[in-house]
Amino acid sequence: MGLNPRGPSPAPMDLKRHTSFIGGKWVEPSTGEFVRDLDPATNQPIAEVASGGVEDAKAAVEAAVAAFENPDWRGMDPSKRGRLLNQLGQAVRDAFDEVARLESLDVGKPIREGKGDAAFVYKTLEYWAGMADKIQGETIPVPGARLNYTLREPVGVTLHIAPWNYPLTLAIRGVAPALAAGNTVVLKPATITPLTALKFAELCEKVGVPPGVVNVVTGPGSTVGKTLAEHVDVDSITFTGSLETGRQIMQMAAKHVTPVTLELGGKNPNIVFPDADLDKALKSVLFGAYQNAGQMCWAGSRLLVHESIHADFVKKVAERAAKMRLGPGLKEDTQMGPVVSKEQEQSVLSYVEVGTREGAKLLAGGKKVADGELAAGNFVSPAVFDEVTPDMRVARDEIFGPVLAAITFRIVDDLIDVANSVEFGLAAGVWTKDLKTAHTVAARLESGMVSINEFPLTFPQTPFVGWKHSGLGHEQGMDAMRFYTRIKDVSVSLE
Ligand code: NAD
């Protein structure tokens, strides 16, 4: 059995070894390989995780197909399926501390954010539990003596490829409606943050989800992810991740004309007008930029401030950013954790260099923490760039780290041009007490989500939508169910 070492030091003897969950069983990887999962705060291993391959991916799809064909699942009273989702929600509530802790440890995020993630998971399961017996078709008036009606049926095997920044939250927002509709599921978590998906598999086993209904298979995107996405028996793909991989997934999906939902990147404007509650805006700007060390598709990574308050507001942002307490996620007073990996750290630091080279003014942070007990981890101090112009890369690229780019604006038309000038269109924040300004700006923003006087904000019941290169289709909210069902029209002659 091989070990593909990702960590700098040997794994302690008692490191927990995780295998994939396929067909209701914990299965050794066909490759015989495991990878070490690292704590981003120390780069020490915290677990060993199966690095599955093509055969594991195929086995997971086969198990999901068999479970979909099994009358125990197909024929299950939808109310009972709803109860099962509620039981899963309850199981996550019961394991709340552990789920929150695992997420915090694996991603590096502060524990209070891990708790927020765990809560979002059970709320999502409970939201869709209530939907399981309300998925229905309609009758359609047609000419002549005939009855015409539609059925909403499950699509079959749904594939969920998840990213590393909110590993379980983002997986469950697709998995829960898929299950509510009666599909069977294959979930592939990101290689570097698989622990909560595997915990979820354990909870599925515990509450008695029938074997094969939920399969969690771990391994590289390039083999496991690709095999899954190109598999002829996968009936839908829900992908959350980078734009680049999203494009590849679309091409893979084209092979069998498999429907896709893509949730991709963002470079979101947080817009502050002079009449706003500036204290509240300040807090939210910091939260929107540095939550999860800025590794969020919905990060408010562009701060657009009116010229009349720009200098003072941005100065305050920089002062507060410079005072943020960095530390391991599990330390209670940590305000910002490390970024998830050495690769991500390098990528963020290189963007700080790019910004400086482009002529933006670095007011705070942007440095690797190289001294003391944080030196071994992937800590980058929260960066604030001022004097950013919309053409700079720090104003256009999704950095996916704790880097905020401040831009100034004078009139609303210019503001809208700048806000809409990037390829992404995911979320936006608008801060003003003036209703007309708020709604006019919201209407003109090319963004799937706009929050007024709060940012960022989402609930299981509200659509999470990316426009432009931020995505295709959407998750969350009742309409998301359409993706996990297919419609059938039935026409009956009454002659
Ligand atoms: P990523 O694209 O590198 O990986 C996402 C997933 O795809 C992982 O599970 C990975 O293993 C898998 N994958 C990689 N290559 C693959 C391939 N060739 N075939 C199949 N699967 C493959 O993204 P990431 O770095 O994990 O996440 C960060 C990105 O996710 C950012 O761009 C961020 O904006 C985006 N994101 C978007 C949302 C949203 O809802 N819009 C939410 C969170 C993150």
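The shown structure was predicted, so the numbers you read here are calculated from the model rather than taken from an experiment.

Visitor: So, the site of the ligand: which residues are in play, and what are the values?
Guide: Around the ligand lies a shell of 29 residues, among which Ala 162, Arg 173, Ser 242, Leu 264 and Glu 398 are the nearest. Here an oxygen atom of the ligand sits 2.9 Å away from a polar atom, N or O, in the side chain of Lys 188. Within the contact set of the ligand, an oxygen atom lies 2.7 Å away from a side-chain nitrogen or oxygen of Ser 242. Burial of the ligand by the protein amounts to 89% of the accessible area it has alone, namely 850 Å². Of the pockets mapped on this structure, the ligand occupies the largest pocket. Elements with a minimum of two residues in the shell around the ligand: α6 (167-180), α8 (221-229), β11 (236-240) and α9 (243-254). At four residues, the largest contribution of residues to the shell around the ligand is made by α9. Grouping the amino acids of the shell around the ligand by side-chain chemistry returns 15 nonpolar, nine polar and five charged.

Visitor: Before we move on, could you go through the layout of surface pockets and cite the residues and values that matter?
Guide: If you add up the space inside the largest pocket, you get close to 720 Å³. Lining the largest pocket we find 28 residues, and of these Pro 163, Trp 164, Gly 241, Ser 242 and Thr 245 sit closest to its centre. Within the residue set of the lining of the largest pocket, elements represented by two or more residues are α8, β11 and α9. A breakdown of the residues in the lining of the largest pocket according to their chemical character gives 13 nonpolar, twelve polar and three charged. Taken as a whole, the second largest pocket holds about 370 Å³ of empty space.

Visitor: Can you lay out the pairing of strand β8 (residues 157-161) for me, pointing to particular residues and giving the numbers?
Guide: Walk down a regular strand and you will see the side chains alternate between the two sheet faces. Most of β8 is tucked away: five of the five residues are buried. With burial as the criterion, each face of β8 is covered, one bearing Val 157, Leu 159 and Ile 161 and the other bearing Thr 158 and His 160. Summarising the sheet, β8 and strand β9 (residues 184-188) pair through five bridges and their orientation is parallel. Opposite Leu 159, over in β9, you have Val 186 as the bridge partner.

Visitor: How would you explain the side chain of Thr 169 if you had to name every residue and give the values?
Guide: By the element assignment, Thr 169 lies in helix α6. If we ignore the near neighbours within four places in the chain, the residues touching Thr 169 are Glu 103, Asp 117, Phe 120 and Val 121.

Visitor: Now, about the packing of helix α4 (residues 96-107) against α6: what can you tell me, with residues and values included?
Guide: Closest axis-to-axis distance for the α4/α6 pair is 9 Å, and the angle between their directions is 120°. Put simply, α4 runs oblique to α6. Contacts from Val 99, Glu 103 and Val 107 in α4 reach Pro 167, Leu 168 and Thr 169 in α6. Residue composition of the contact of α4 with α6, grouped by class: four nonpolar, one polar and one charged.

How each quantity is defined
Residues numbered from 1 in each chain as written. Predicted model: local features only at pLDDT ≥ 70, side-chain atom pairs only at ≥ 80, totals over all residues. Heavy atoms only, no water. Near = heavy atom within 4 Å. Polar contact = N/O pair within 3.5 Å; in protein donor to acceptor, adjacent residues only side chain to side chain. Areas by Shrake-Rupley, 256 points an atom, 1.4 Å probe, with all protein chains shown as cover. 1 Å grid on protein atoms, 1.4 Å probe; cavity = no way out; pocket = protein on both sides within 12 Å on 5 of 7 lines; lining within 4 Å. Sits in = over half its atoms within 2 Å of the grid points. Helix = DSSP H or I, 4+ residues; strand = E, 2+ residues; numbered from the N terminus. Nonpolar A, V, L, I, M, F, W, Y, C, P; charged D, E, K, R; others polar. Points joined across faces, edges and corners; volume = space filled by probe spheres on them. Buried < 20%, exposed > 50% of the residue type's maximum accessible area, 1.4 Å probe, protein only. Pairing = 2+ DSSP bridges. Contact = heavy atoms within 4.5 Å. Axes fitted to C-alpha atoms, helices over the stretch in contact; angles between N-to-C directions. Parallel < 35°, antiparallel > 145°, perpendicular 65-115°, else oblique.

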